[in-house]
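The residues making up each chain are set out below.
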Amino acid sequence: MKFDRSLFTPAAALAGLLFAATSLCGAPASQPPPPEPDTIDLKTAIGYALENNFTIRQARERIRQQDGVLIEVKAQSIPNVGAAGAYQLNEKEISQSSPASNQAWSLSLTASQVLYAGGGVRSAIRSSQLVREAALLDLKASINEALLQVRTAYYQVLLTREKITVQEENLALLQQQLKTTTDRFDAGTVSGFERLRAEVAVANAKTPLITARNDYRLAIESLRQALGLTANRSGSPTKAPEVVGKLEYEPTTFELQAATESAHANRPDLQRIAKLTAAGEESVTTARSGYFPTVDLVGGWSMRKGPTDALGDSREGLFVGLQSNWSVFDGRRTAGRVAQAKSIVEQTRLTLVESELAAEVQVRRAYSSWQEATELVEASKRVVEQAEEAVRLANARYSAGTGTQLDVLQAQVELTTARSNQVQAYYNYNVAIATLRQAMGLTDALVQG
């Protein structure tokens, strides 16, 4: 290996090595914030959350982290090349060269390849691959959990908006009743007490309406948080997106046994723990590799200062050889690492069994909630129909003079309660279905692929 020494100095070579190393580093590019949608339906909410929900984004970053770990571990199985250089000025009295010189320098380029490491390198790579697969399953679990929160927040917005409508209709009916009572009072057919009672009923109806409107505003903010809609920091007020949609009842059937089997087969959190268990078993092999020697193939090129300070007298050449290291006695350090690795594996297995039991309980609870919500929806339909008929009859009886104002107000209160119970039952039903699907390990129905 020969080159033009007139273009080469030890200091320049050392600077070149440092420049080559630092030129490999780069700055990550920042991405602009995503645009906020003007209107949000359920499909838009799910799609936006997939890209912007912070829990999902953090899970994606954990995958990138494991990719880096895997690259680092795989580096042990491929040749590693390193460059080293040194330059020193000293007094001749402490020179270690012959003849004595006031400077010393050396350059080397070394490549090494692991030939044998007791199986530790292969097991470490397999363990890292399993941990990365576990990170992918963690992403899937995070998506399922985040989208459940998005659905729940979206349904909460629809629920609070429906409650506003119910309370507004109730207030409108009571105001109409107050007008009728006032007209009859002016005509002298009813007492002042009945007019006062109608006024009190109108005043009382405003309180739940104010509460419902505030609940709607809070539900919008909860939905923004679930979606990952960041607040406007420019100082100008941020307009809340318009949420479109309506709570509906679409009959769906589930079987408890099939739901439990689906949870065991499809839940990503259980699959993740199983992958971590397998990765832990590989870590035991990695820890045991400390009992065995390591053998590396080493080769490269070296150049050192010669008998004079002239660069032309430097000594250079290639070298190749084997390098081995074996800790015959390490104070039982390897035994301690093996014991720790085995304990971690056993803890992970126990966590898996515990998580499987918790998954079964979660499925049973979600299934029970779905049954309850289904029954409440069916019951609320009949109650609303009966309450509407009761209000109609009470108004007719009151107009005919055979009923009292109290009967009308009581019937109106019952109708408001029935309508509120119906929209609450629709909300509980839709949330129960989403919760049961998540407990079964199923991806959101609106997620493509």
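To keep things clear, this report deals only with the structure shown in the data block. All figures in this text were calculated on a predicted structure; none of them were measured in a lab. (Residues numbered from 1 in each chain as written. Predicted model: local features only at pLDDT ≥ 70, side-chain atom pairs only at ≥ 80, totals over all residues. Heavy atoms only, no water.)

This paragraph deals with the overall build of the protein. Helix and strand counts for the protein stand at nine helices and six strands. Looking at the protein residue by residue over its 449 residues, the buried ones come to 36%. In the protein, once contacts between residues fewer than 6 apart in sequence are set aside, the share between residues at least 24 apart is 81%. As displayed, the protein has an accessible area near 26600 Å², and 55% of this comes from carbon and sulfur atoms. (Helix = DSSP H or I, 4+ residues; strand = E, 2+ residues; numbered from the N terminus. Buried < 20%, exposed > 50% of the residue type's maximum accessible area, 1.4 Å probe, protein only. Contact = heavy atoms within 4.5 Å. Areas by Shrake-Rupley, 256 points an atom, 1.4 Å probe, with all protein chains shown as cover.)

Reading across from one edge, β2-β3-β5-β6 is the order of the four strands in this open sheet, with antiparallel pairing throughout. Of all the strands in the sheet, the pair left with one neighbour each is β2 (80-89) and β6 (315-325). When strand polarity is set aside, the average angle formed by the axes of neighbouring strands in this sheet is 20°. Direction of pairing for strand β3 (residues 103-116) relative to strand β5 (residues 294-304): antiparallel, over a ladder of 10 bridges. (Pairing = 2+ DSSP bridges. Axes fitted to C-alpha atoms, helices over the stretch in contact; angles between N-to-C directions.)

This part covers helix α7 (residues 268-288). Helical geometry note: an α-helix holds 3.6 residues per turn, so side chains three or four residues apart project in the same direction. With 21 residues, α7 should reach 30 Å at 1.5 Å per residue; the first-to-last C-alpha distance of 30 Å fits that figure. Among the residues of α7, Pro 268, Leu 270, Ile 273, Thr 277, Ala 279, Gly 280, Glu 282, Val 284 and Ala 287 are the ones counted as buried. Contacts from the buried residues of α7 go to α4 (120-186), α6 (256-266) and α8 (333-400). (Expected span 1.5 Å × (residues − 1).)

Attention now moves to the nonpolar core. The biggest cluster of nonpolar side chains holds 51 residues, and the ones touching the most others in it are Tyr 155, Leu 227, Trp 370 and Leu 436. For this core, the secondary structure elements donating two or more residues are α2 (42-52), α3 (54-74), α4, α5 (192-227), α6, α8 and α9 (405-439). No other element matches the 12 residues that α4 contributes to this core. In this structure, Leu 174, Leu 178, Ala 198 and Ala 201 belong to the second largest nonpolar core, which totals 11 residues. (Core = buried A, V, L, I, M, F, W, Y, C linked by side-chain atoms within 4.5 Å.)

So, on to unusual backbone geometry. Even without a glycine there, the phi angle at Arg 332 is positive, about 65°. Checked against the element boundaries, Arg 332 lands in the loop between β6 and α8. A relative accessible area of 62% means that Arg 332 is categorised as exposed.

The end-to-end C-alpha distance of α3 is 30 Å, a good match for the 30 Å that 21 residues give at a rise of 1.5 Å each. When we look at burial in α3, the residues that qualify are Ile 56, Ala 59, Ile 63, Gln 66, Leu 70 and Val 73. All buried residues of α3 project into a common sector of 85° when viewed along the axis, lining one side. Facing away from the buried side of α3 by over 90 degrees, the exposed positions are Arg 64, Gln 65, Ile 71 and Glu 72. Looking at where α3 begins, the residue whose side-chain oxygen comes 3.0 Å from the main-chain nitrogen of Thr 55 is Asn 53. (Arc of directions from axis to C-beta. Polar contact = N/O pair within 3.5 Å; in protein donor to acceptor, adjacent residues only side chain to side chain.)

This paragraph deals with the side chain of Glu 194. You can see Glu 194 is positioned in helix α5. Of the side chains with opposite charge, Arg 197 comes closest to the buried, unpaired Glu 194, at an N-O distance of 4.7 Å. (Lys, Arg positive; Asp, Glu negative; His and termini not counted. Salt bridge = Lys/Arg side-chain N within 4 Å of Asp/Glu carboxyl O.)

The next thing to look at is the pairing of β3. Pairing analysis gives 10 bridges linking β2 to β3, with the strands arranged antiparallel. Counterpart to Ala 83 in the pairing with β3 is Leu 109.

The tally for this structure, following the rule as stated, stands at five aromatic pairs. Measuring from ring centre to ring centre gives 4.7 Å for Tyr 249 and Tyr 429, while their planes differ by 65°; the resulting arrangement is edge-to-face. Taken together, the residues span a long stretch of sequence, with Tyr 249 in the loop between β4 (242-243) and α6 and Tyr 429 in helix α9 at a distance of 180 residues. Of the two residues, Tyr 249 and Tyr 429, neither departs from the other in class, the shared state being buried. A network of ring pairs unites the aromatic residues Tyr 249, Tyr 426 and Tyr 429 as a single cluster. (Phe/Tyr/Trp six-rings, centres within 6.5 Å; stacked < 30°, edge-to-face > 60°.)

Under the definition given, this model contains 16 salt bridges. Salt-bridge contacts for Asp 138 lead to Arg 62; the nearest nitrogen and oxygen are separated by 2.8 Å. Residue Asp 138 is found in helix α4, and its partner Arg 62 is found in helix α3; the two are separated by 76 residues along the sequence. Given the relative accessible area of 17%, Asp 138 is considered buried. Arg 224 is the partner of Glu 221 in a salt bridge, and the nearest nitrogen-oxygen pair spans 3.7 Å. Placement of the pair is Glu 221 and Arg 224 together in helix α5, with a separation of three residues, close to one helical turn. A relative accessible area of 8% means that Arg 224 is categorised as buried.

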